[in-house]
Amino acid sequence: LKEDVCWSAFRLFDKNGDGKVDEEEFEQGLKEIGYPGDAKQLFRDVDDDGSGVLTMKELDSWSADLWSGFKRWCAQTFTSATDMVMKLKRSVSAAALARRGSIVGHERRGSSDEMPSFIKADFVENACRMGWYGLFEPLLYDSLDIERKGRVTAANIGWLEKERRLYLKRQNTKGKDQNGKAPIGKQRSNAVRALQSFVAFLRQRYGMIFAAWRKALDKDGSMSLTRKEIFKACTELAWAGDVAGLWHALDSEESGSCSLEDLSGAEGRALALFRKWAEDGYKSVKGGFNALVRARRIKNNPKKELDKRNFVAACASLNCSFQGDFVFDLLDYENAGAISFKDLKFMEDWKPAEYLTAISSQEESEAFRKWLLQKYVHPVKAWRLAMDLHNSGKASWKEFRRAAEKVSFPGDIAGAWLALDVHRQGFITLREIDAQAFEALSQFRSWAYFEFGSVSFAFKALDADESGYLTLKEFRKNLKKDHFRGEADALWSCFDVDGDGKVMVSEMLFIDEWEMELFSSQAMSRMSEWAVDVNAEKEELASVSKGSSRKPLRVSRRPSGADLVAKHIPVSGTLVEVALAAKRSASQMDQGRGKDGEDDDDNEDSLDESPKASIAAGVRQQESVKLPAGRLLDIVGWSHAWAPSASVALPS
């Protein structure tokens, strides 16, 4: 993804991690990459708004939002840069990991006086263990390791001190209730984040949630978990997140138990559809499985087992309504290569939620939206008063069902839910109810945090006359003065839902706890695109941490030098010629590679400088390098082209 490449490159200029590059930082960055032109003039050319700084948001707003959210999480989780390094570099004991049958952590060898640091394997392993909920760990690590040394020290996290002070300031501003507890909305928001982090942690360890469910969580096969079981499992798994918050998210109705679908709606639905097919057509789960076995007519099969090929073929021959390959992967959680009825026996007493076997209906979802607007007029008002009562920014199936019953929706509630929860995350946001309102609020929240540190601080800046409220005229004027680029009137309607012409700070604060940038349409698209790459990289890191005897793998297999520019960056003009010239200059380095793409051992010492040298050689072949004005993307992409792409071998 060209934006992700450029984000890592932007961090080469943004050494202090504040998301901004002033003229001095810009000139220093260009000097480091050997830019031969007039750096001052180039800065003026690309600084479109004349603000005197270049921001990541001008290049890629989603990446800037992710980085901002990650910094806020770090400030909440760690007390200092040293604390962050020490906690992220820790490896969980081999005994604890062996008990759960998952990836064994690795210990790095080195001198005792070596500066404490963590490597990519540490970060990918421990970030979600510590409670990080936003995914994209490899990309975040690349942005921490801006010097491309293959390790991160406290010196690389200098921005954390400032972020920590801002976090403590926000906490003091928000205050607590009379019992010394955080507001209910804050508690609920933290609970949802804990759930996201725990799910990401389980996927990292077990691949599928159902595998974690059977191996580590629901050991008695009851298909339900109690509070005691969750707390015990988190201890055994060495998950260091907010366990109490996790339980509040799982048992939002305080029923005393939770189910598989509370962790993964997609996996729960797949298994529930199989169960329904078996019971509807063959009266029982056992009858359905036996029908699949008979359909293949396998000789010498006394255990009545089916491997994946035969299971999928049997499902196709019987015109099954579920996805056969996915169901097999779920049921084969032991990776035995075949399943028998004993792997399905748990389904006999399982009572899945009704929505898991319903039919998704776009018509019903549209009817539900219209029904809400008839009652509440504005979508934000409907969301806050009917669905998101705890102000977490998300609504689960249980909350959605409660809201539908509250407004007396006469349609198919389960069908409407399935159409809205298209990503099968187990929750929906305001985006699914009204995308325009969601994007307007998301853009404002992102801008408020980037410019002022929080929505409450942004309100104080907008309330120039200190009247305690904003009028539409004042709102428009001050947003324009502070360079907000969204639609002021559309945003105003989201805050002034009662239509009295005034907006108090309390009418804005509800989005302070929403992690909206993680669920925008762009973010959801990014999550899908990154899924395969991230899982592949985690598998590589895992194979190294297991102590494989084969040659250590490299963290990154990205093309080097000008290949990156030519493949990822949509450049124009003479910059393309520079890239091609640099590619020719790098041919000698490429000749040293083996047929399988691995670097020869004898050439490893020269690899770190070759990409930079190839670009420099390309520049020398050009009389001048001209970049289109305003093309920050080109500049950042060019700077990334020579950056060593993490060619550090991990220890085995």
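The coordinates are above.
In this report, the structure presented in the accompanying data block is examined. (Residues numbered from 1 in each chain as written. Predicted model: local features only at pLDDT ≥ 70, side-chain atom pairs only at ≥ 80, totals over all residues. Heavy atoms only, no water.)

Next up on the list: the overall build of the protein. Regarding its fold elements, the protein presents 34 helices and eight strands. In the protein, which comprises 652 residues, the proportion classed as buried is 53%. For the protein, long-range pairs separated by at least 24 residues make up 68% of all intrachain contacts whose partners lie at least 6 apart in sequence. (Helix = DSSP H or I, 4+ residues; strand = E, 2+ residues; numbered from the N terminus. Buried < 20%, exposed > 50% of the residue type's maximum accessible area, 1.4 Å probe, protein only. Contact = heavy atoms within 4.5 Å.)

Relative to the assigned elements, Lys276 resides in helix H15 (residues 265–282). We classify Lys276 as partly exposed; its relative accessible area is 36%.

Quick look at H15 now. Here H15 is 18 residues long and its end C-alpha atoms lie 25 Å apart, about the 26 Å a rise of 1.5 Å per residue gives. Buried within H15 are the following residues: Gly265, Glu267, Gly268, Arg269, Ala270, Leu271, Ala272, Leu273, Phe274, Arg275, Trp277 and Ala278. Phi turns positive one or two residues past the end of H15, at Lys283, with a value near 70°. (Expected span 1.5 Å × (residues − 1).)

Moving on: helix H2 (residues 23–32). Those residues of H2 not exposed but buried are Glu25, Phe26, Gly29 and Leu30. The arc that holds the buried residues of H2, viewed along the axis, is 130°, so those residues lie on one side. Seen from the open side of H2, the exposed residues pointing more than 90 degrees away from its buried face are Glu24 and Lys31. A distance of 3.2 Å separates the backbone nitrogen of Glu24 from a side-chain oxygen at the start of H2, and that oxygen is part of Asp22. Positive backbone phi, at 75°, marks Gly34, one or two positions downstream of H2. (Arc of directions from axis to C-beta. Polar contact = N/O pair within 3.5 Å; in protein donor to acceptor, adjacent residues only side chain to side chain.)

Inspection of every chain in the model, using the stated rule, returns 38 aromatic pairs. Their ring planes at 90° and their centres at 5.4 Å tell us that Phe70 and Trp132 sit as a pair that is edge-to-face. Separated by 62 residues along the polypeptide, Phe70 in helix H5 (residues 61–77) and Trp132 in the loop between helix H8 (120–126) and helix H9 (137–144) bring together distant segments of the chain. Residue Phe70 is classed as buried on the basis of its relative accessible area, which comes to 0%. Relative accessible area serves as the criterion here: at 0%, Trp132 is assigned to the buried category. Between Phe123 and Tyr141, the ring centres sit 6.2 Å apart and the planes meet at 50°, which makes this aromatic pair tilted. In this pair, Phe123 is assigned in helix H8 and Tyr141 in helix H9, connecting sequence segments 18 residues apart. (Phe/Tyr/Trp six-rings, centres within 6.5 Å; stacked < 30°, edge-to-face > 60°.)

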